[in-house]
Amino acid sequence: MIVSRKPLSLAERFYLPAVANGFKVTWRHFRRTVFEGKTAAGETAGGFHPEVPWKVEPGYRGAPYLVRDQEGHTKCVSCQLCEFICPPKAIRITPPGPDGQAADRKNAEKMPRDFEINMLRCIFCGLCQEVCPEEAIFLQKDYSLSGGSREEMIYNKERLLALGGTHSGTQKWKHKLEEAKAQEAFPVKTP
Amino acid sequence: MTDLLFIVFAGLALLCGFLTVANPFTRSPVASALFLVLTMVWLSGLFVLLHAFFIAAVQILVYAGAVMVLFLFVIMMLDLREEERRQWNRFGVAAGLIAVAGLLGITVLTVVRSGISGETEATLEGTTPLLGTALFTQYLLPFEIVSVVLLVAMVGVILLSKRELK
Amino acid sequence: MDWTFLIFTLVKIAVVFAVVMTMVAYAVLVERKVSAFIQDRVGPNRAAPFFARYIPFLGPRLVRWGIFQPVADALKAILKEDYTPAHVRKVYFWIAPAIAMVPALLTLAVIPFGSQIGSQKMVIADLDVGILYTFGIVSLGVYGIVLAGYAANSKYPFLGGIRSSAQMISYEISMGLSVIPVFLLVGSLNLSDVIGNQSGSLLNWHVVKQPLAFFIFLIAAFAETNRLPFDLPEAETELVGGYHTEYSSMKFALFFLGEYAAMISVSAMMVTLFLGGWTLPFLGLDQPAATIGMGLVHILIFLMKLCFLLLIIIWVRWMLPRFRYDQLMDLGWRRFIPVALANIILTAAVLAFVRS
Ligand code: SF4
Ligand code: SF4
């Protein structure tokens, strides 16, 4: 359906109602903040950022860290997909090579010798998490990273794994199994 | 003091004018346009020395502030690389020389015929009301003719740029 | 050329420069505070030099009001890395910020910011063509932006530069046309005469006599200073940062300060043209000052009117969304220019009728 626009009146063509309403809204907020001392942070969190930590909502995209599986093994298989997709080229992976260290878990051929994320370059876009076939990298809740030098902001594999922790909730092979089982039943259940 | 300033302004105007047409460092049209702006600014300095403040201000306002901005606007849209590669073109040089010579001739002829001596004092003293009165009494006809010519030019440009008229 | 004249002029220039730069710094602070209040935040309230703790009572309050923030901002701008991208056109890249800053300051030379102190008139240059001079200088302001856009040699800044040149030329026309009725009323282009014409009563202020001219001028001023709702040359959401995308550190700060300096000079022009300059129509405040104290009071009045206009400009930024480009051009060419022309003809007709 095409909704025809209603013709604007003269005042509207000079933007007068828009200006009046804009002033009304901004003045309401200005008055609330200045004379009643109400601020958004004060209302919702009861204080301001450094003193009262900000409550991170679920689904927030903070810094990307590597995670371990439920048995404490490295999930990353050094496939380097994340390295390729990362828009600002923040990730650098050193693969183990033909006779490097083997993976520390079953179902995997290898794991990275080193895995570096330059947090100064990372834009927290989440593409690495999305592309990872092993669910090994997740954007977590850290949003305020700081360091004294540029080198310090390049996180290596140990650091990333330590910060990432284990994610027993996200077990790819178990999910795959469940998915396969679900597809055997008919009609297919969609989650 | 005034003589010194005259020499400074006139020299800078000539220098910038020269750099507008023949800049040894770059052939970029943008540089030319900017030097033309500077020429305008120094010219308006010369007008100030003649106590013609109105004309000085208008010189900056109209030429430096509006006309040259439009020039820049157009130049920046062009393909500058091609412009920089362009070679001398004999016909262009000849036509340019003839045009300049013609303009110079007309100017010199007018000045000589009018019989102004080199020592004339500014008669209008630059005050705006006097200038306005002169324009609208003594020079009313030329003034109106010029405005009509400009109007015609404007209409023509609009016609040309709007090819498919309904 | 006598020496006292030279010395007094230099002193006036120095004082005006210092005052304007301070005002620029604090205009930025006010901008941040007002925006914060309108958006339910508190704004800068942390910058605290070491001695703030030792000032009883006032110290913490000054910190909370962000009084020290401009100092921190300035230090940050100076200490940041001044980065020149490899692909820029170096010469233009270097001169553009300076060109952006200068016109705004030059405009202030002809503004009468007070009556007189002693025998000195409180204006740097009392030109007979004052307003034409200001328009001339303001029209040069566009070069800084256009050159910055061209120098950056990349798409977004270039688009910003192009937009700004078209926008500024368009709105210069309506701005210029809008003040002509004022000069028809005054009969002179000298800004001191304009103020003299507005003394006596509130009804003599040109904002009362020529409200239409005032509003057109005000709106054109937004466009000329690239402020929201007409900040298309910068347009963060579409052009990243517009013409100053490639700039960093002090060069960026110059653009930033230039914008605020332009706001101040445009407001000063509006105060002079429409709001009676340094006069107030009661207590004899509309006559040139006899004592030094009165002279200072006049300057204070001027500054207060100036701050009021600055506050309006700042507030509007947080009130209205950015215009679309065609809306901007439409408003300039098809609404304001005809209205301004009609205003001129009307004023001229009324004046001719009254005077005959
Ligand atoms: S979040 Fe985006 S930018 Fe950061 S590492 Fe992952 S892909 Fe790269
Ligand atoms: S984190 Fe994921 S995408 Fe990146 S190399 Fe490891 S397994 Fe591949």
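**Some words on the overall build of chain C**
So, point 1. In terms of helices and strands, chain C carries 13 helices and 2 strands.
So, point 2. For chain C, the C-alpha radius of gyration of 21 Å lies close to 21 Å, the compact-globule estimate for 356 residues.
So, point 3. C-alpha atoms of chain C, sized along the principal axes, occupy 65 × 55 × 50 Å.
So, point 4. Out of the 356 residues belonging to chain C, those deemed buried represent 55%.
So, point 5. Relative to all contacts within chain C whose residues are 6 or more apart in sequence, the contacts with residues 24 or more apart total 76%.
So, point 6. Summing over all exposed atoms, chain C offers an accessible surface of approximately 15500 Å²; the carbon and sulfur share of this is 74%.

**Here we look at the interface of chain A and chain C**
So, point 1. Opposite the 19 residues of chain A that make contact, chain C presents 16 residues.
So, point 2. Between chain A and chain C the total buried area reaches about 1600 Å² when both faces are included, carbon and sulfur atoms providing 70% of it.
So, point 3. Put simply, chain A and chain C have 2 salt bridges between them.
So, point 4. Measuring nitrogen to oxygen at the nearest pair gives 3.3 Å for the salt bridge that ties R32 of chain A to D40 of chain C.
So, point 5. Seen at the junction of chain A and chain C, the total is 5 residue pairs in polar contact (both at pLDDT 80 or more).

**Examining the packing of helix α3 (residues 53-77) of chain B against helix α6 (residues 155-186) of chain C**
So, point 1. Running from N to C, α3 of chain B and α6 of chain C point in directions that differ by 150 degrees, and their axes come no closer than 10 Å. When the axes of α3 of chain B and α6 of chain C are compared, the pair comes out roughly antiparallel. Classified by chirality, the crossing of α6 of chain C by α3 of chain B is left-handed. Here α3 of chain B contributes G65, A66, V69, L70, F73, M76 and M77 of chain B to the contact with α6 of chain C, which in turn contributes F158, I162, S165, A166, I169 and E172 of chain C.

**Concerning the sheet that holds strand β5 (residues 154-155) of chain A**
Residue and element names in this part refer to chain A.
So, point 1. As summarised here, the arrangement of the 3 strands in space is β2-β3-β5, forming an open sheet in which the pairing is antiparallel. For this open sheet the edge positions go to β2 (91-94) and β5, each flanked by a neighbour on one side alone.
So, point 2. Two strands pair when backbone bridges link them, and β2 and strand β3 (residues 114-118) are joined in this way by 4 bridges, in the antiparallel orientation. Note that in β3 the partner of I91 across the bridge is I117.

**Looking at the site of ligand 1**
So, point 1. For ligand 1, the full set of nearby residues is P64, C86, P87, P88, I91, C122, I123, F124, C125, G126, C128 and L139 of chain A.
So, point 2. Class assignment for the residues of the shell around ligand 1 results in 11 nonpolar, 1 polar and no charged.

**A short note on the packing of aromatic side chains**
So, point 1. Per the stated rule, a full pass over the model turns up 23 aromatic pairs over all chains.
So, point 2. Aromatic side chains F30 of chain A and W315 of chain C sit 4.8 Å apart centroid to centroid with 55 degrees between the ring planes, which places their arrangement in the tilted category. Within this pair, whereas F30 of chain A is found in helix α2 (residues 16-35), its partner W315 of chain C is found in helix α12 (residues 292-317), the two belonging to separate chains. Of the two residues examined, F30 of chain A and W315 of chain C, each falls in the buried class.
So, point 3. Judged by centre distance (5.0 Å) and plane angle (65 degrees), the rings of F136 of chain B and F143 of chain B are edge-to-face.
So, point 4. On the basis of relative accessibility, which here comes to 48%, the residue F136 of chain B falls in the partly exposed class.

**Re the arrangement of the chains**
So, point 1. Counting contacts across all 2 pairs of chains that touch, the top pair turns out to be chains B and C.
So, point 2. The least C-alpha distance between chain A and chain B, which are not in contact, is 24 Å.

**Some thoughts on the site of ligand 2**
So, point 1. In the vicinity of ligand 2, the contacting residues are C76, V77, S78, C79, Q80, C82, I93, F115, C132, P133 and I137 of chain A.
So, point 2. Looking at the shell around ligand 2 residue by residue, the class counts come to 9 nonpolar, 2 polar and no charged.

**Some details on the confidence of the model for chain C**
So, point 1. Per-residue confidence for chain C gives a mean pLDDT of 83, with 98% of residues at or over 70.
So, point 2. Here the predicted complex carries an ipTM of 0.76, next to a pTM of 0.79.

**Re the interface of chain B and chain C**
So, point 1. The interface of chain B with chain C comprises 23 residues on the first partner and 20 residues on the second.
So, point 2. The junction of chain B with chain C conceals about 2000 Å² of combined surface from both sides, 82% of it contributed by carbon and sulfur atoms.
So, point 3. Three residues, L61, V69 and M76 of chain B, lead the burial of chain B against chain C; their summed loss comes to 29% of the area buried on that side.
So, point 4. Between chain B and chain C we count 0 salt bridges in total.
So, point 5. Taken together, the connections running from chain B to chain C amount to 2 residue pairs in polar contact (both at pLDDT 80 or more).
So, point 6. Among the elements of the structure, α2 (29-49) and α3 of chain B are those that each provide at least two residues to the side of chain B that touches chain C.
So, point 7. With 16 residues, α3 of chain B is the largest single contributor of residues to the side of chain B that touches chain C.
So, point 8. Per-class residue counts for the side of chain B that touches chain C are 20 nonpolar, 3 polar and no charged.

**Brief notes about the pattern of salt bridges**
Residues and elements named next belong to chain C.
So, point 1. Scanning the model with the defined rule gives 16 salt bridges over all chains in all.
So, point 2. Linking R32 and D73 is a salt bridge whose minimum nitrogen-to-oxygen distance equals 3.0 Å. Residue R32 is found in helix α1 (residues 3-38), and its partner D73 is found in helix α3 (residues 69-79); the two are separated by 41 residues along the sequence.
So, point 3. Its relative accessible area of 27% is what places D73 among the partly exposed residues.
So, point 4. Between R322 and E238 there is a salt bridge, with its nearest N and O atoms 3.6 Å apart. Of the two residues, R322 sits in the loop between α12 and α13 (325-355) while E238 sits in helix α10 (residues 236-239), which places them 84 residues apart along the sequence.
So, point 5. The exposure class of E238 is partly exposed, given its relative accessible area of 37%.
So, point 6. Through salt bridges with shared partners, a single network forms among E31, R227, E259 and R317.

Quick notes on the rules
- Residues numbered from 1 in each chain as written.
- Chains lettered and ligands numbered in written order.
- Predicted model: local features only at pLDDT ≥ 70, side-chain atom pairs only at ≥ 80, totals over all residues.
- Heavy atoms only, no water.
- Helix = DSSP H or I, 4+ residues; strand = E, 2+ residues; numbered from the N terminus.
- Rg over C-alpha atoms; globule rule 2.2 N^0.38 Å.
- Buried < 20%, exposed > 50% of the residue type's maximum accessible area, 1.4 Å probe, protein only.
- Contact = heavy atoms within 4.5 Å.
- Areas by Shrake-Rupley, 256 points an atom, 1.4 Å probe, with all protein chains shown as cover.
- Buried area = accessible area lost by both parts, 1.4 Å probe.
- Salt bridge = Lys/Arg side-chain N within 4 Å of Asp/Glu carboxyl O.
- Polar contact = N/O pair within 3.5 Å; in protein donor to acceptor, adjacent residues only side chain to side chain.
- Axes fitted to C-alpha atoms, helices over the stretch in contact; angles between N-to-C directions.
- Parallel < 35°, antiparallel > 145°, perpendicular 65-115°, else oblique.
- Left-handed = near helix turned anticlockwise from the far one by under 90°.
- Pairing = 2+ DSSP bridges.
- Near = heavy atom within 4 Å.
- Nonpolar A, V, L, I, M, F, W, Y, C, P; charged D, E, K, R; others polar.
- Phe/Tyr/Trp six-rings, centres within 6.5 Å; stacked < 30°, edge-to-face > 60°.
- pLDDT = per-residue confidence, 0-100.

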